[in-house]
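Listed below are the residues making up each chain.
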Amino acid sequence: MEFLAPGSWPDALAARAENPGAVPIAGGTDVMVDLNFDRHRPDALIDLTRVGELREWSVAEDGTVRLGAGVSFARVMSELSALAPGLAMASRTVGSPQIRVRGTVGGNLGSASPAGDAHPVLLAVGAAVEVESAARGPRAIPVSEFFTGVKTSALEPDELISAVLLPAATGPQQFAKVGTRNAMVIAVTSFGLALHPEQGRVGAAIGSAAPTPLSAVDAQDYAAGELVDLWSSRGELPGGVAARFGELVAAAARPIDDVRGTAAYRRHALSVLARRTLTWAWDEYRRAA
Amino acid sequence: MTAVSGQAPTATARTREDGGVGTDAARPDGRLKVTGEFAYGSDLWMDDMLWGVTLRSPHPHARIRSIDIGPALALPGVFAVLTAEDVPGELRYGLEIADQPVLAEDVVLYQGEPVALVAAEHPETARRASARIVVDYEVLEPVTDARTALGHGNEGPRTDLHPEPTPVVEQSREAAPLRPHGNLIRHLKIRKGDQRDAAAAAGKDIVVVTGDYEVGMQDQAFLGPESGLAVPAEDGGVDLYVSTQWLHVDQQQICRALGMPKEKVRLTLAGVGGAFGGREDLSMHVHACLLAMRTGKPVKMSYNREESFFGHVHRHPAKMHYEHGFTRDGDLVSVRARIWLDGGAYASSSAAVVGNAGLMGIGPYVVPNVTMDCWGAYTNNPPCGAMRGFGAVQAAFAYESQMDKGAAALGIDPVELRVRNAMEEGSIAPTGQVVDSAAPVVELLRRLQAMPLPPAASSGADVDLRAMPGGVSNTTHGEGVRRGVGWAVGYKNIAFSEGFDDYSTARVRLEITGGEPTVTVHTAAAEVGQGLVTVQQQIARTELGVERVVIAPTDTSVGSGGSTSASRQTYVTGGAVQEACRRVRAAVLARSGRELWEDVLGDLVAVLGDEAVEETVVWRHRPTEAVDPETGQGNAHVQYAFAAHRVVVDVDVELGLVKVVEMACTQDVGKAINPQAVVGQIHGGSAQGMGLALMEEVVVTDGIIRNPSFTDYLIPTILDMPPMRVEVLELPDPHAPYGLRGVGEPPTVSSGPAVLAAIRDATGMFLTRVPVRPEHITLSGDVRSEERA
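Cut-offs and rules
- Residues numbered from 1 in each chain as written.
- Chains lettered and ligands numbered in written order.
- Predicted model: local features only at pLDDT ≥ 70, side-chain atom pairs only at ≥ 80, totals over all residues.
- Heavy atoms only, no water.
- Helix = DSSP H or I, 4+ residues; strand = E, 2+ residues; numbered from the N terminus.
- Rg over C-alpha atoms; globule rule 2.2 N^0.38 Å.
- Contact = heavy atoms within 4.5 Å.
- Lys, Arg positive; Asp, Glu negative; His and termini not counted.
- Charge placed at Lys NZ, Arg CZ, Asp CG, Glu CD.
- Buried area = accessible area lost by both parts, 1.4 Å probe.
- Salt bridge = Lys/Arg side-chain N within 4 Å of Asp/Glu carboxyl O.
- Polar contact = N/O pair within 3.5 Å; in protein donor to acceptor, adjacent residues only side chain to side chain.
- Nonpolar A, V, L, I, M, F, W, Y, C, P; charged D, E, K, R; others polar.
- Axes fitted to C-alpha atoms, helices over the stretch in contact; angles between N-to-C directions.
- Parallel < 35°, antiparallel > 145°, perpendicular 65-115°, else oblique.
- Left-handed = near helix turned anticlockwise from the far one by under 90°.
- Buried < 20%, exposed > 50% of the residue type's maximum accessible area, 1.4 Å probe, protein only.
- Pairing = 2+ DSSP bridges.
- Domains from an automatic or database assignment.
- Core = buried A, V, L, I, M, F, W, Y, C linked by side-chain atoms within 4.5 Å.
- Phe/Tyr/Trp six-rings, centres within 6.5 Å; stacked < 30°, edge-to-face > 60°.
- Lys NZ or Arg CZ within 6 Å of the ring centre and 35° of its normal.
- pLDDT = per-residue confidence, 0-100.

### So, the overall build of chain B
No. 1: When you go through chain B residue by residue, the secondary structure sums to 19 helices and 28 strands.
No. 2: For 789 residues, the compact-globule estimate of 2.2 N^0.38 gives 28 Å, and the C-alpha radius of gyration of chain B, at 27 Å, lies within 12% of that figure.
No. 3: Its C-alpha atoms put chain B at 75 × 75 × 60 Å along the principal axes.
No. 4: Considering only residue pairs separated by 6 or more positions, chain B has 80% of its internal contacts joining residues 24 or more positions apart.
No. 5: Taking the average place of the 69 positive charges on the side chains of chain B and the average place of its 100 negative ones, the gap between the two points comes to 2 Å.

Encoded structure:
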């Protein structure tokens, strides 16, 4: 197995183009598990940790946060809790402190696991994945089009993930995840929520309860409809709205029974998480008045 | 009697401040371990060594039609490929019944059974080569339920997994017939008192509570995987460096498999990263020796985490049916119980576990009428054997659940019902044995009751998520959270029981080195992380008054130290070290012509000169007896040890997530040789029992392990393990060295049942299976399966 260590982004793209069987590695928290368990023996690894620009983040004038693919979960927690509170909350649930120092949002997307902790929030806020190839240059893929199946994505074999583009938060965001342990656990199911008051929109997305992370579209539409007159008044959430929202989120899931939990439990847990997180987010929105 | 507080044990009586018995003497291996410099078995290395790899069966039950090793041998870098034909001695080995092949011969009986071995110059090469071995399997239907295997309640054609007779080996612990027929490994019976039903037996108004309980398969989850290095020796023998729990029983089994005398098979303990029973059986021991003998080169084998789940035995899953009969005022008059333990494909120590589960199976209570049947069965599930608590753990979930159920039925406080029926010194155990030292069940419970309860849970937006069910995963800010408190008491037999000749050997030398008196303690007793090396030093310091005590490498050049299990090493090897020290003292006194050790101590340099005084002692605890095979009566046990827990939980009843808020434990240890280590054992044992109650399960479906990794076999993290209040009692046992009582297992017996009781208290649900999964708790009863949703 070859180990390629490009020192710059153009070199990384060139290495990717020349080695279609190569696996990019950043924090290694997923890739190394596969290697250690002998599940995967790629021809080559492309180490992205020497590409400095991947570890940077910035905010554009229009408020878009450009988060380099190599920014660790630990840094998202400490540096982005105001601009991307939902992603920061999700980052806090990733693995252990050691894993959060190594693991990156770009790597999470690269693995494209249905249980990836960053994904529901990225869907809820309407983020895009910025990818690039040496041959065709950069393009932005909406997160809603990024996940194509269990651990597969729209990333082409010659492309690398350069960044995640997400709008700076304009309202409260939440992330909640159920696991059978109180820390360091893979999601049995998870839920991301973002309120976009300026657009009168509610983003809602589920993880680990379908072949891919997915948006709960009916639930989003229902909540937006119920809240349409309340954004300006910041009135109380009408009775039954949060519960109905939870039911619609549960209905959007396509879970399976597996060793981590049953399909029925996943659906049930999603309804609870959605109900609670909408309540928390709305209460926060009201308090912010 | 002295109480030791939880986080900072301080108050125990110190005999001296120089690292002797009763002090928090520092571990000699402590600094190396916390700085990551300690060499474990997986760190063994020789420059010219080969790597050994095991090919394992993917099927739980199959006939082997043929094995073609040619493609593996053809791979460059491969030095040897071995199958069952290459085992020179006895093919089958076992702790009690020699039923397990070193390598599968014509059938495989569990997923992961070793089939072939490869040695190569690189582990990757060895793995690639093993993948090229072609095994033609005829897949057979697996037997996956213990009751079905025995034909209990599910009559039909029965597949006997071990049709050929296999010998019961000499270290067997029981007099009862083992493997009498079919898939039965052992049937333990207790027939005490009136055998009619409870009401008839008591002749009065009786409340009978009945329950069926199930315990899942727990893994020891030790951190250091199975590892060792076999080095061929010039004398035609082999030196094996290996992480294990009992060098001499390994040596016996290896010698039989290799067909070599024990002088030619020498074992040295490699650094052990935890054991908990999972290293009582052989793993890579014979395999590495076979490869080393064949290739003439040192061979290292080290399992990865996934292979480790297939490489050692687990805790027996149990199904249990209990009927308790109480008088209206709460006297427990009868217990009728049936326990089925799934032994998996090979016997391992199942027979002894069956003995323990049955004999300890009604708990630390006085019951005049007992009917107990406990069976161990062969199936095609992973082999099960020793794990901390050894049968007592499974039974405790049932008998403590029954005490709570009885309390509810009678309208009596659960602690008061336990107190009313508690064992005490002088009580008669279900075996008829008199409990002849302290049995402070009542005091343990009363001390727990006297402890303050933790403050109520907080709630709201600024809640500390780490204190909530679900933790930082942010699942509740107080919604759905209900508090519960649960109680449990348990007991465990210490050291080997039922007539086993249980002993340890210690060699102690006193000499002057560098102008200073030095004691060297040499035993074959395995330090597995529990602190035996520290205890040996402390005992030598106390007995001889010499501060510098060196622990010699642990190997088979000294006699057996017995197993590091059954909470027995401080008792038995500690007893051997104590006696050897006393003989050294007597020999030195005789040489000096003086009468008082204190007079000699300051003058040792002159008294000893260049000579060393050395004594070797084989030390036994008082003998035990086999129990009667029909009635279970007999003085089967050396010592009992008692612990009790009070557990406080917060349960999110909508999501089924549990936060253990506090565990409080009281335990009698007779004498705390090292109070800090004692409290550490209580913390760790409590955590392991809690893990079984909440999350730890090897999930097996149709004989296939579904979660062989720490990704999906979950053990508690620091955010799952709560702070503990610990009170240690020191009520001396006059039969034991220093009055001590074994410590390691009792907290694992009672913590899990107390967690389960607390969850029941919080939810109002009478849960009957552990681990409790979130979907078992969620109050909407329709979410347990998709069909019912």
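### A closer look at the interface of chain A and chain B
Put simply, an interface is often sized by how much accessible area is lost when its parts join up.
No. 1: Facing 37 residues of chain A, the contacting portion of chain B comprises 50 residues.
No. 2: Interface area for chain A against chain B, summed over the two sides, is near 3500 Å², with a carbon-plus-sulfur share of 51%.
No. 3: Taken as a group, Arg-181, Asn-182 and Val-259 of chain A account for 22% of the area that chain A buries against chain B, more than any other trio of residues on that side.
No. 4: Between the two partners, chain A and chain B, sit seven salt bridges.
No. 5: The partner of Asp-652 of chain B in a salt bridge is Arg-276 of chain A, and the shortest N-O contact between them spans 2.6 Å.
No. 6: Across the contact surface, chain A and chain B share 21 residue pairs in polar contact (both at pLDDT 80 or more).
No. 7: Taken together, the elements giving at least two residues each to the side of chain A that touches chain B come down to helix H4 (85-92), strand S11 (173-178) and helix H12 (263-287) of chain A.
No. 8: In terms of residue count, H12 of chain A provides more of the side of chain A that touches chain B than any other element does, 12 residues in total.
No. 9: For the side of chain A that touches chain B, the class distribution of residues is 17 nonpolar, nine polar and 11 charged.

### Here we look at the packing of helix H11 (residues 241-252) of chain A against H12 of chain A
Residues and elements named next belong to chain A.
No. 1: Packing of H11 against H12 brings their axes to within 7 Å, and their N-to-C directions diverge by 140°. Relative to H12, the element H11 lies oblique. Crossing geometry of H11 relative to H12 is assigned as right-handed. Contacts between H11 and H12 pair Val-241, Ala-242, Ala-243, Phe-245, Gly-246, Glu-247, Val-249, Ala-250 and Ala-251 from the former with Arg-267, Leu-270, Ser-271, Ala-274, Arg-275, Leu-278 and Thr-279 from the latter.
No. 2: Grouping the constituent residues of the contact of H11 with H12 by class yields 10 nonpolar, three polar and three charged.

### Digging into the pattern of salt bridges
No. 1: Within the structure shown, the criterion is met by 62 salt bridges over all chains.
No. 2: Arg-582 of chain B is paired through a salt bridge with Glu-543 of chain B; the nearest N and O atoms lie 2.8 Å apart. Residue Arg-582 of chain B is found in helix H14 (residues 569-592), and its partner Glu-543 of chain B is found in helix H13 (residues 532-544); the two are separated by 39 residues along the sequence.
No. 3: Given the relative accessible area of 37%, Arg-582 of chain B is considered partly exposed.
No. 4: A single network of salt bridges, built from pairs that share partners, joins Asp-38 and Arg-41 of chain A together with Glu-124, Arg-127 and Arg-128 of chain B.

### Digging into the pairing of strand S19 (residues 503-513) of chain B
Residues and elements named next belong to chain B.
No. 1: Relative to strand S22 (residues 613-620), S19 is paired through eight bridges, and the arrangement is antiparallel. Paired with Leu-510 across the bridge in S22 is Val-613.
No. 2: Both S19 and strand S20 (residues 516-522) contribute to a ladder of seven bridges, which runs antiparallel. Within the sheet, the bridge partner assigned to Ile-512 lies in S20 and is Pro-517.

### Section: the sheet that holds strand S8 (residues 134-139) of chain B
Residue and element names in this part refer to chain B.
No. 1: Pairing is antiparallel in the open sheet, where three strands are placed in the order S6-S2-S8. Each edge of the open sheet is held by one strand with a lone partner, namely strand S6 (107-108) and S8.
No. 2: Sheet analysis places strand S2 (residues 62-68) next to S6, joined by two bridges and oriented antiparallel. Its bridge partner being in S6, Ala-62 is matched across the sheet by Val-108.

### A short note on the domain arrangement of chain A
Residue and element names in this part refer to chain A.
No. 1: The domains assigned to chain A are domain 1 (2-167) and domain 2 (173-287).
No. 2: A C-alpha centroid distance of 25 Å is found between domain 1 and domain 2.
No. 3: Contact residues are listed per partner, giving 24 residues for domain 1 and 27 residues for domain 2.
No. 4: Summed over both partners, the interface of domain 1 with domain 2 comes to about 1800 Å²; 66% of that surface belongs to carbon and sulfur atoms.
No. 5: Where domain 1 touches domain 2, the interface holds one salt bridge.

### A short note on the side chain of Thr-748 of chain B
Residues and elements named next belong to chain B.
No. 1: Within the secondary structure, Thr-748 is located in helix H18 (residues 746-763).
No. 2: Classification of Thr-748 as buried rests on a relative accessible area of 2%.
No. 3: A polar side-chain atom of Thr-748 sits 3.2 Å from a polar atom in the side chain of Arg-388.
No. 4: In this structure Thr-748 touches Arg-315, Arg-388, Val-393, Gly-685, Gln-688 and Gly-689, once residues within four positions along its chain are discounted.

### Some remarks on the nonpolar core
Proteins that are soluble and globular tend to have nonpolar side chains buried together.
No. 1: Counting residues in each nonpolar core, the largest one holds 104 residues, and the members touching the most others are Tyr-322, Met-372, Val-649 and Ile-759 of chain B.
No. 2: Counting residues per element, this core draws most heavily on helix H10 (residues 392-410) of chain B, at 10 residues.
No. 3: Once you skip the residues sitting within four places of it in the chain, Ile-759 of chain B turns out to touch Val-649, Val-651, Val-658, Leu-694, Leu-767, Val-772 and Ile-777 of chain B.
No. 4: Of all hydrophobic cores here, the second largest spans 47 residues; its members include Trp-9, Ala-12, Val-65 and Ala-90 of chain A.

### What about the packing of aromatic side chains?
No. 1: In total, this model carries 19 aromatic pairs over all chains according to the counting rule given.
No. 2: Note on Phe-146 of chain A and Phe-147 of chain A: the rings are 5.4 Å apart at their centroids and 85° apart in plane angle, and the pair reads as edge-to-face. In this pair, the class of Phe-146 of chain A matches that of Phe-147 of chain A, namely buried.
No. 3: A ring pair is formed by Phe-309 of chain B and Phe-710 of chain B, whose centres lie 5.9 Å apart and whose planes are at 85°; its orientation type is edge-to-face. In this pair, Phe-309 of chain B sits in helix H8 (residues 305-311) while Phe-710 of chain B sits in the loop between strand S26 (704-705) and strand S27 (724-729), placing the two residues 401 residues apart along the sequence.
No. 4: Note on Phe-309 of chain B: relative accessible area 2%, which makes it buried.
No. 5: Through pairs of rings, three or more aromatic residues link up here, namely Trp-231, Trp-282 and Tyr-285 of chain A.
No. 6: The ring of Tyr-285 of chain A is capped by Arg-234 of chain A, whose NZ or CZ atom sits 4.0 Å from the centre of that ring.
No. 7: Seen from the ring of Phe-222 of chain B, Arg-279 of chain B lies directly overhead, with NZ or CZ sitting 3.9 Å from the centre.

### Here we look at the sheet that holds strand S21 (residues 549-551) of chain B
All names here are of chain B.
No. 1: With mixed pairing, four strands are arranged side by side in an open sheet as S21-S20-S19-S22. Single-partner strands in this sheet number two, and they are S21 and S22. This sheet shows a mean twist of 20° between the axes of neighbouring strands, independent of strand direction.
No. 2: The pairing of S20 with S21 spans three bridges and is parallel. Bridged to Val-521 within S21 is Ile-551.
No. 3: With respect to the sheet, H13 is in contact with S19, S20 and S21, its orientation differing from that of S21 by roughly 145°.
No. 4: Packed onto the sheet, H14 meets S19, S20 and S22 and runs at close to 145° relative to S22.

### A closer look at the environment of Pro-452 of chain B
No. 1: Residue placement: Pro-452 of chain B occurs in the loop between helix H12 (441-450) and strand S18 (481-494).
No. 2: Beyond its immediate chain neighbours, meaning those up to four positions away, Pro-452 of chain B contacts Arg-646, Glu-662 and Arg-725 of chain B.

### Some points on the confidence of the model for chain B
All names here are of chain B.
No. 1: With 94% of its residues at a pLDDT of 70 or more, chain B has an overall mean of 93.
No. 2: Long-range and interchain partners of residues 1-16, a stretch whose pLDDT sits below 50, account for 47 contacts in this model, where long-range means more than four residues apart.
No. 3: Every residue in residues 780-789 scores below 50 in pLDDT, and together they form 18 contacts with partners more than four places removed in sequence or on other chains.

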